[in-house]
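Architecture and fold: a report
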Amino acid sequence: MSTTEKNKDIVIINDNVSEENDDYDDYDGHIGNPLTISDSSAESNNGDNKVPKLRSDIDTNNDFIAFSDSSEDEKENDDINEKESKDEDANILNMDFPWTINRDHSKQKEIADWLTLEIRDFVSYISPNRKEIELRNQTIGKLRDAVQHHWPDANLHVFGSYATDLYLPGSDIDCVVNSKAGDKQSRNCLYSLASHLKKEGLAEDIEIIAKARVPIIKFVEPLSKIHVDVSFERTNGLEAAKLIRGWLDSTNGLRELVLIVKQFLQARRLNKVHTGGLGGFSIICLVYSFLHLHPRILANEINPIENLGVLLIDFFELYGKNFGYDHVALSVMNGKATYLPKSNWKELHPIKSTFQLAIQDPGDATNNISRGSFNIRDIKKAFAGAFDLLTNRCFELHRAKLKDRQGCSILGNVIKYRGKARDFRDERGLVENKAIIENENYHKRRSRIIHGSDNEEEEEEEESDKEDDPYNIEEPPMKKLKRSSSIKEDDGNAKKKPRKERNRRQKEDQDDEEEEDDYNPLKR
Ligand SMILES: Nc1ncnc2c1ncn2[C@@H]1O[C@H](COP(=O)(O)OP(=O)(O)OP(=O)(O)O)[C@@H](O)[C@H]1O
Ligand SMILES: [Mg+2]
């Protein structure tokens, strides 16, 4: 990798590497380097009960990828918390499984139910509260304003985990700048926007990755300390965000298991694509396909939300022990999850390594979204280790006396959370996520443009929309057709929407009727 320092605060990365270089991850812009993973064994808790608070017989298994000592994301979490801790006394946690605080499930008869309840506790523990959602909304509002001031024909949209509600406290915000002219992807434009954001005090630690397949700028927004990635002139992430929200609505348990797997991989530093890890998008597709192909869910024998514990163990067993990475790919096209023989996926060949995870991009059948995850060996090992740890822990607790179970954690054997203490307040139902609203508005407009309007009045409205609408990106008719047919949300296996989700969506629909325009914090 060649890194050229152009300016004290803005770093241009990969400046003289060929665009054809296959080692670039589409959405990460870095050249991958094999990861050196700490092999330290899973951490022990200090309890000296007969049933250890957090220990397993296979702690010393060197094949298992244990918790990493220092994860980048934990540092990111700490950064995010730094500002708040100046104002109020930061209550930094001194335990690894804080979702068990004041919650004891040791009396559950079925050990699997205990694990299910812990998973739900974990999810409510790491879900965002009002303040966090507002901070993210304000951050994207300020960035959008800055982009529009800099380029009046351009706008900034949000996709990725903030636009799908699948973010962990330290997750980045993925944005894309689209313009009427469609010309903002040049190296000069990237540099010009980065300088502008820096001048406006909206970006620090800036990296410009101009020569990747997907050129991006990466920076930290100084006030919120949130990491932001900005890509240019693309709509596929905006399509994917809508698709994933549809999946979340129709697939019980998807959000819970995705967040658990994300946190699991993050704690082992196996979540960054530029170091061969599994990115958020691949995790979502993996879990979606797992839930839709699970025999007991297909047979309607179990309700996923009531059986998260069993499902998590099954997930680790499938992708840690049984999955045929050599020959099988995953497809989630048109919402239908299938196992696809790699030999039938024309575009996958020639594939560099047969032992590689291959997941067909639901928005582009030729794209393998997990192409960059070259460290699949360690990911598989980590999943297999987690299966062993969880099942051993379940047996151990099953045999234990009730008094010895108290204060124990099952999930804590494989997941940890470090950072500032949180409050179990999932306030997504109380505060609008502006990225979701803006993305829904974007799609409404797109669908009016693609499918035409019902009446003349709407057509007139649409014409005037087009004039002011920086999202109005002309595409050849075939491409439009392909997109609308490839992004279908329902596969007939749809499960009932969780109640909370239904309420949230209803509220957003109401708001949307009131406000057809894009979110613009200045107008509010
Ligand atoms: N390999 C890829 N090919 C095509 N699109 C991708 C790829 N990787 C990411 N994307 C797009 O970028 C979006 C964000 O991806 P990312 O992997 O950062 O997931 P995320 O949900 O934002 O997770 P995280 O919270 O960990 O950042 C995806 O929803 C998808 O639209
Ligand atoms: Mg992201």
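The rules behind the values
- Residues numbered from 1 in each chain as written.
- Chains lettered and ligands numbered in written order.
- Predicted model: local features only at pLDDT ≥ 70, side-chain atom pairs only at ≥ 80, totals over all residues.
- Helix = DSSP H or I, 4+ residues; strand = E, 2+ residues; numbered from the N terminus.
- Buried ≥ 20, exposed ≤ 12 C-beta atoms within 10 Å, placed from the backbone.
- Contact = placed C-beta atoms within 7 Å.
- Axes fitted to C-alpha atoms, helices over the stretch in contact; angles between N-to-C directions.
- Parallel < 35°, antiparallel > 145°, perpendicular 65-115°, else oblique.
- Left-handed = near helix turned anticlockwise from the far one by under 90°.
- Near = placed C-beta within 6 Å.
- Nonpolar A, V, L, I, M, F, W, Y, C, P; charged D, E, K, R; others polar.
- Pairing = 2+ DSSP bridges.
- UniProt positions renumbered as here; feature names shortened; annotations may be inferred.
- pLDDT = per-residue confidence, 0-100.
- Core = buried A, V, L, I, M, F, W, Y, C linked by C-beta atoms within 7 Å.

**Considering the overall build of the protein chain**
Each helix and strand counted, the protein chain has 15 helices and eleven strands in total. Counting all 524 residues of the protein chain, 43% fall into the buried class. In the protein chain, of all internal contacts separated by at least 6 residues, the share reaching a separation of at least 24 is 73%.

**A look at the packing of helix H9 (residues 308-322) against helix H10 (residues 376-399)**
Relative orientation of the contacting elements H9 and H10 amounts to 140°, with a least axis distance of 7 Å. Judged by the angle between their axes, H9 and H10 are oblique. Viewed along their axes, H9 and H10 form a crossing whose handedness is left-handed. From H9, Ile313, Phe316, Glu317, Tyr319, Gly320 and Lys321 reach across to H10, where they touch Lys380, Phe383, Ala384, Ala386, Phe387, Leu390 and Thr391.

**Description of the site of ligand 1**
Near ligand 1, the surroundings consist of 19 residues, among which Gly160, Ser161, Ala240, Gly279 and Gly280 are the closest. Of all the secondary structure elements, the ones that give two or more residues to the shell around ligand 1 are helix H5 (236-250) and helix H7 (280-293). When residues of the shell around ligand 1 are assigned to their parent elements, the largest contribution, three residues, is made by H5. Across the shell around ligand 1, the residue classes break down as seven nonpolar, eight polar and four charged.

**Points about the pairing of strand S3 (residues 154-159)**
Counting buried positions along S3 yields six of six residues, so the element is predominantly enclosed. Pairing of S3 with strand S4 (residues 173-179), which is carried by six bridges, proceeds in the antiparallel orientation. The partner of His157 across the bridge, within S4, is Val176.

**Let's talk about the UniProt feature "domain: Poly(A) RNA polymerase mitochondrial-like central palm" (unreviewed entry) in the protein chain**
Within this structure's numbering, the places UniProt gives as "domain: Poly(A) RNA polymerase mitochondrial-like central palm" (unreviewed entry) are residues 116-247. Helix makes up 43% of residues 116-247 and strand 24%. Its end C-alpha atoms lie 21 Å apart.

**Brief notes about the sheet that holds strand S9 (residues 338-341)**
Spatial strand order, S9-S8-S10-S11: four strands in an open sheet with mixed pairing. Across the chains shown, the open sheet's two edge strands, defined by having one partner strand only, are S9 and strand S11 (364-368). Sheet twist, expressed as the mean angle between neighbouring strand axes with direction ignored, is 40°. Bridging between strand S10 (residues 359-361) and S11 involves two bridges; their strand directions are antiparallel. Residue pairing for S11: Asp361 is matched across the bridge by Asp364.

**Points about the packing of H5 against helix H12 (residues 434-451)**
Where H5 contacts H12, the two axes come as close as 10 Å, and the packing angle between them is 105°. The pairing of H5 with H12 is recorded here as roughly perpendicular in orientation. Where H5 approaches H12, its residues Leu238, Ala241 and Lys242 are matched on the opposing element by Asn439, Tyr442 and His443. The class makeup of the residues in the contact of H5 with H12 is three nonpolar, two polar and one charged.

**What about the confidence of the model for the protein chain?**
Residue-level pLDDT values for the protein chain average 80, and 69% of them are 70 or greater. The model gives residues 1-6 a pLDDT under 50, and that stretch makes twelve contacts with residues more than four places away or in other chains. Note that pLDDT drops below 50 for residues 17-25; the model gives that stretch 15 contacts with residues more than four away or on any other chain.

**Some words on the nonpolar core**
Of all hydrophobic cores here, the largest spans 111 residues; its most connected members are Ile208, Leu257 and Val287. Each residue touching Ile208, except ones within four places of it in the same chain, is listed here: Ile10, Ile12, Ile13, Leu190, Tyr191, Ala194 and Ile217.

**Considerations on unusual backbone geometry**
Not every positive phi belongs to a glycine, and Asn300 is a case in point at roughly 60°. Within the fold, Asn300 resides in the loop between helix H8 (295-298) and H9. Owing to 8 C-beta atoms within 10 Å, Asn300 belongs among the exposed residues under this scheme. Within the chain, Phe424 stands out as a residue other than glycine whose phi angle is a positive 65°. When you line up the elements, Phe424 lands in the loop between helix H11 (402-405) and H12.

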